[in-house]
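Chain by chain, the residues:
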2 protein chains.
Amino acid sequence: MNIESYLANWKNRIDEKLDEYLPSPETYPETLSRAMRYTVLAGGKRIRPILLITTYQLCGGKNVDEIFPVACALEFIHSYSLIHDDLPSIDNDDYRRGLLSSHKKFGEDIAILAGDALFSHAFYTIAESYIAPKKKDEILKTLTFAIGNKGIIGGQIKDVETDPTKRNPKLLRYIHSHKTAIFFSAACEMGGILAEVDSNIITHLRKGGLFMGMAFQIIDDVIDVEGVMEEAGKDINSDENKLTYPSIYGVGHSKEIAKRYTQISMKHLKNINNESDLLEGIILFLLRRMK
Amino acid sequence: MNIESYLANWKNRIDEKLDEYLPSPETYPETLSRAMRYTVLAGGKRIRPILLITTYQLCGGKNVDEIFPVACALEFIHSYSLIHDDLPSIDNDDYRRGLLSSHKKFGEDIAILAGDALFSHAFYTIAESYIAPKKKDEILKTLTFAIGNKGIIGGQIKDVETDPTKRNPKLLRYIHSHKTAIFFSAACEMGGILAEVDSNIITHLRKGGLFMGMAFQIIDDVIDVEGVMEEAGKDINSDENKLTYPSIYGVGHSKEIAKRYTQISMKHLKNINNESDLLEGIILFLLRRMK
């Protein structure tokens, strides 16, 4: 199957489900409902939900309808973290996905609370799903570890408190693996858990997702240096005060590292089954975003 | 049993458990661990965890050790919401529980992320507990509803976007019931769920907790008008730009309303069993905080 249409088809179905699970614009308090919907529905590739669904199906999962709430919860969490990251005291970004960021559109107070509400809504959506409690319990262990102080938020804290003028490759690896890659890893692992695969496959999913996420973040940083605003959908050079792969290794070497991580990722993901070239297709699609 | 010692004993045990479940000060990234610990361990009455434990035991629950993670999760969520509420763009409070608020102590960026991390940590702590998955699933439904857009965050949004000069009793009731009371209600309901009581008792717990929470918030507003900083542990008159019971009804009438809500709460909670005067004791203790 053509990878562009595969991704576009799933993106459309996920967008429909996001719309369904979000509070309607008329849900009281309307300001909150509108702010929650604004950032989630502003677009985005829906990579994390698609990774969850793809690994689930490759692992033999048959009931995609059942896991949509989990897929959407990942996007709610991703959206909350974007809203909070864009705040004036953190990254101070005025644009996101080509539109005004939440705090520019709604004000800082509403943006903070809309982020909180999306975070909460992710767990509400999973709690209200029809997934068997035992399986729900397992995915919650993986998810809550990945997004907490030893995961995403740990990465974000080091991102804000690190001096970007000091070359520190080890710290950079910590930031990328925690801020971004651990969430890709969790998405893949959760797909496997939901499909009830063996623990050795879970290990490959976890590692495959991690290296894919590392490659993804490096590519994102490269686009920030090379790209145009239309493509990034956010402020270009917004990372200039950050520790990034291009700032430490230069653009060319960064691309090489991204490719190497992609190969490691694929080595792990090939263990799922013969059709895992679908995942390879997704990774290569992400890589092609680089010029 | 003397109610002061009952509350003090549980507070001590909960404080020990909070310390245990929080990341140690040395856990990397240390800034985040220290900021998470700072607000949670700054003190507080631990009313929500104590309500959960008390209702659990009154409903016949025997394994308090098993439910401590849930009790602490409620306090983590309460702490996250205090940190975000105190931020400059929301309530702009410099003091909390007698100490500098998180953003004054650590800076706004760290405070936002520490709040997020505590929110996440609440779910992590529940996910990692040994409670049976089916029961965990049920309490998560109650909890995630109470803290989301139709619960706490809905109340907070109306709190920030409401014109306090306009007398609007219906809106005030919405703000109090959502910002505060629904969380008391959820704590009592979760205690019942964990003890596996019948659904008619659950209904009484939910309503009893709701009216107790309403009374609690009114008393808090009264203290803010009448009290001294030492007692409130936060900025006095910090609510002067808010819609409150004293601002609408005056202090005397507000106290009457708080007492009436307390009576309604007790009427519901008396249905649990003969010993529910323990809960009455807790409510009366809260009422006595008024001068």
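Asker: I'm lost on the pattern of salt bridges in this one. Help?
Answerer: Opposite charge on two side chains makes pairing possible when the charged atoms of those side chains draw close. Residues and elements named next belong to chain B. The tally for this structure, following the rule as stated, stands at 38 salt bridges over all chains. Close ionic contact of arginine 37 with aspartate 19 constitutes a salt bridge, the shortest N to O distance being 2.4 Å. You can see arginine 37 sitting in helix α2 (residues 30-40) and its partner aspartate 19 sitting in helix α1 (residues 3-21), a full 18 residues away along the chain. Take aspartate 19: its relative accessible area is 37%, and that puts it in the partly exposed class. A salt bridge links aspartate 159 to lysine 179; the nearest nitrogen and oxygen atoms lie 3.2 Å apart. Within this pair, whereas aspartate 159 is found in helix α8 (residues 152-161), its partner lysine 179 is found in helix α9 (residues 169-194), the two being separated by 20 residues in sequence. For aspartate 159, a relative accessible area of 10% corresponds to the buried category.

Asker: What is the right way to look at the packing of helix α10 (residues 199-226) of chain A against helix α14 (residues 277-287) of chain A in this model?
Answerer: In helix packing, the relevant descriptors are the interaxial angle and the interaxial distance, both defined with respect to the helix axes. All names here are of chain A. Packing of α10 against α14 leaves a shortest axis separation of 9 Å and a crossing angle of 20°. Our classification of the angle between α10 and α14 gives roughly parallel. Judged by the sense of rotation from one axis to the other, the crossing of α10 with α14 is left-handed. Here Met212, Phe216 and Ile219 of α10 lie close against α14, whose contacting residues are Leu279, Ile283, Leu286 and Leu287. Split into classes, the residues belonging to the contact of α10 with α14 amount to seven nonpolar, no polar and no charged.

Asker: Help me understand the interface of chain A and chain B in this model?
Answerer: How big an interface is tends to be stated in terms of the accessible area lost upon association of its parts. Chain A puts 47 residues into the contact, and the matching count from chain B is 47 residues. Carbon and sulfur atoms supply 68% of the area buried between chain A and chain B, which totals about 4,200 Å² over both sides. Among the residues of chain A in contact with chain B, Tyr28, Leu113 and Asn149 of chain A are the three that bury the most area, contributing 14% of the side total. A salt bridge links lysine 136 of chain A to aspartate 137 of chain B, with the nearest nitrogen and oxygen atoms 2.7 Å apart. Where chain A packs against chain B, one counts seven residue pairs in polar contact (both at pLDDT 80 or more). For the side of chain A that touches chain B, the secondary structure elements donating two or more residues are α2 (30-40), α4 (64-86), α6 (108-127), α7 (133-146), α8 (152-161) and α9 (169-194) of chain A. Of the residues that constitute the side of chain A that touches chain B, the class distribution is 25 nonpolar, 11 polar and 11 charged.

Asker: What should I look at first to understand the nonpolar core in this one?
Answerer: Proteins that are soluble and globular tend to have nonpolar side chains buried together. If you look at the biggest cluster of nonpolar residues, it comprises 152 residues, and the most contacted ones within it are Leu143 of chain A together with Leu143 of chain B. If we ignore the near neighbours within four places in the chain, the residues touching leucine 143 of chain B are Leu74, Ile77, Phe123, Ile126, Phe183 and Met190 of chain B.

Asker: What is the right way to read helix α3 (residues 47-58) of chain A from this model?
Answerer: Structural remark: α-helix, 3.6 residues per turn; residues separated by three or four positions point the same way. Compared with an ideal rise of 1.5 Å per residue, which puts 12 residues at 16 Å, α3 of chain A spans 16 Å between its outermost C-alpha atoms and is within 8% of the ideal. The buried fraction of α3 of chain A is high, at 11 of 12 residues.

Asker: Explain the relation of the copies chain A and chain B here, please?
Answerer: Related by rotation about an axis and a shift along that axis, the two copies of the chain form a pair. For these two chains of identical sequence, chain A goes onto chain B by a turn of 180° and a shift of 0.0 Å along the axis, with RMSD 0.0 Å. What we have between these two chains is a two-fold relation. It is proline 133 of chain A whose C-alpha, among those of chain A, lies nearest the rotation axis, at 2.6 Å. Residue by residue, 100% of the interface of chain A is reproduced at the interface of chain B, so both copies engage with the same surface.

Asker: I'm lost on the packing of α3 of chain A against α14 of chain A in this one. Help?
Answerer: Residue and element names in this part refer to chain A. For the pair α3 and α14, the least separation of the axes is 10 Å and the interaxial angle reads 160°. By the angle between their axes, α3 is roughly antiparallel relative to α14. In this structure, α3 crosses over α14, and the sense of that crossing is left-handed. On α14, the residues touching Ile47, Ile50, Leu51, Thr54, Thr55 and Leu58 of α3 are Leu278, Leu279, Ile282 and Leu286. Classifying every residue of the contact of α3 with α14 by side-chain character gives eight nonpolar, two polar and no charged.

Asker: What exactly am I supposed to notice about unusual backbone geometry here?
Answerer: Glycine aside, negative phi is the norm for most residues, and most peptide bonds take the trans geometry. Residues and elements named next belong to chain A. In this chain, tyrosine 28 is followed by proline 29 through a cis amide linkage whose omega measures -10°. At arginine 46, a residue that is not glycine, the phi angle is positive and equals roughly 60°. Of note, arginine 46 is situated in the loop between α2 and α3. What makes arginine 46 buried here is its relative accessible area of 2%. Although it is not a glycine, glutamate 196 sits at a positive phi angle of roughly 60°. Classification of glutamate 196 as exposed rests on a relative accessible area of 60%.

Asker: Sorry if this is basic, but what is going on with α9 of chain A here?
Answerer: Residue and element names in this part refer to chain A. Taking 1.5 Å of rise per residue, the 26 residues of α9 would be expected to cover 38 Å, and the 35 Å separating its terminal C-alpha atoms lies within 8% of that figure. Burial analysis of α9 places 22 of its 26 residues in the buried class, the great majority of the element. Phi turns positive one or two residues past the end of α9, at glutamate 196, with a value near 60°.

Asker: I tried to follow the side chain of arginine 37 of chain A on my own but got confused; where do I start?
Answerer: Residue and element names in this part refer to chain A. Given a relative accessible area of 14%, arginine 37 falls into the buried group. For arginine 37, the side chain forms a polar contact with the side chain of aspartate 19, separated by 2.4 Å. Here the side chain of arginine 37 touches proline 23 through a polar contact of 3.1 Å, landing on its backbone oxygen. The residues touching arginine 37, leaving out its near neighbours within four places in the chain, are Asp19, Leu22, Pro23, Ser24, Pro25 and Ala42.

Asker: Explain the packing of aromatic side chains to me, please; I cannot follow it from the model alone.
Answerer: The description of two aromatic rings rests on the distance between their centres and on the angle between their planes. Residue and element names in this part refer to chain A. One pass over the structure, following the stated rule, counts 20 aromatic pairs over all chains. Between tyrosine 245 and tyrosine 249, the ring centres sit 5.4 Å apart and the planes meet at 25°, which makes this aromatic pair stacked. Of this pair, tyrosine 245 and tyrosine 249 are both found in helix α12 (residues 245-249), four residues apart, which corresponds to roughly one turn of the helix. A relative accessible area of 2% places tyrosine 245 in the buried class.

Asker: Just checking my understanding: could you explain the confidence of the model for chain A for this structure?
Answerer: The predicted coordinates of low-pLDDT regions are not to be read in fine detail. On average, chain A scores 92 in pLDDT, and the residues at 70 or more come to 94%. Here the prediction assigns the complex a pTM of 0.95, and the interface score ipTM is 0.94.

Scoring rules and cut-offs
Each chain has its residues counted from 1, running along the sequence as written. By the order in which they are written, chains take letters starting at A while ligands take numbers starting at 1. pLDDT decides what is reported in this predicted model: residues at 70 or higher carry local features, side-chain atom pairs at 80 or more are listed and counted, and totals for whole chains, interfaces and linings draw on all residues regardless. As a rule here, side-chain values cover all heavy atoms of the structure and leave hydrogens and water aside. Salt bridge criterion: a side-chain nitrogen from Lys or Arg within 4 Å of a carboxyl oxygen from Asp or Glu. Put simply, DSSP H or I for four residues or longer makes a helix, DSSP E for two residues or longer makes a strand, and each gets a number counted from the N terminus. A simple rule labels every residue: compare its accessible area, found with a 1.4 Å probe on the protein chains alone, to the largest value its type can have, and call it buried under 20%, exposed over 50%, or partly exposed in between. In this description, a line fitted to the C-alpha atoms serves as the axis of each element, helices being fitted only across the stretch in contact, and the angle between N-to-C directions of two axes falls anywhere from 0 to 180 degrees. Geometric relationships in this document are graded by angle, where less than 35 degrees denotes roughly parallel, more than 145 denotes roughly antiparallel, 65 to 115 denotes roughly perpendicular, and other angles denote oblique. What makes a crossing left-handed is the near helix being turned counterclockwise from the far one by less than a right angle; a clockwise turn instead makes it right-handed. Two residues form a contact once any of their heavy atoms are found within 4.5 Å. Three residue categories are used. Nonpolar comprises Ala, Val, Leu, Ile, Met, Phe, Trp, Tyr, Cys and Pro, charged comprises Asp, Glu, Lys and Arg, and polar comprises the others, including Gly. When two parts are brought into contact, each loses some accessible area as probed by a 1.4 Å sphere; the total of that loss over both is the buried area. What qualifies as a polar contact is a pair of N or O atoms within 3.5 Å, subject to a donor-acceptor requirement within protein and to the restriction that residues adjacent in sequence count only when both atoms come from side chains. Each nonpolar core is a collection of buried residues, namely Ala, Val, Leu, Ile, Met, Phe, Trp, Tyr and Cys, held together in the definition by side-chain atoms within 4.5 Å. By this rule the span expected of a helix is its residue count minus one, scaled by 1.5 Å. When the copies are overlaid, the least-squares fit takes in C-alpha atoms only where the residue has pLDDT of at least 70 in both copies. Pairs were defined over the aromatic rings of Phe, Tyr and Trp, the Trp ring being its six-membered one, requiring ring centres within 6.5 Å. Orientation was assigned from the angle between planes: stacked under 30 degrees, edge-to-face over 60, tilted for the rest. For every residue, the predictor states its confidence as a pLDDT score lying anywhere from 0 to 100.

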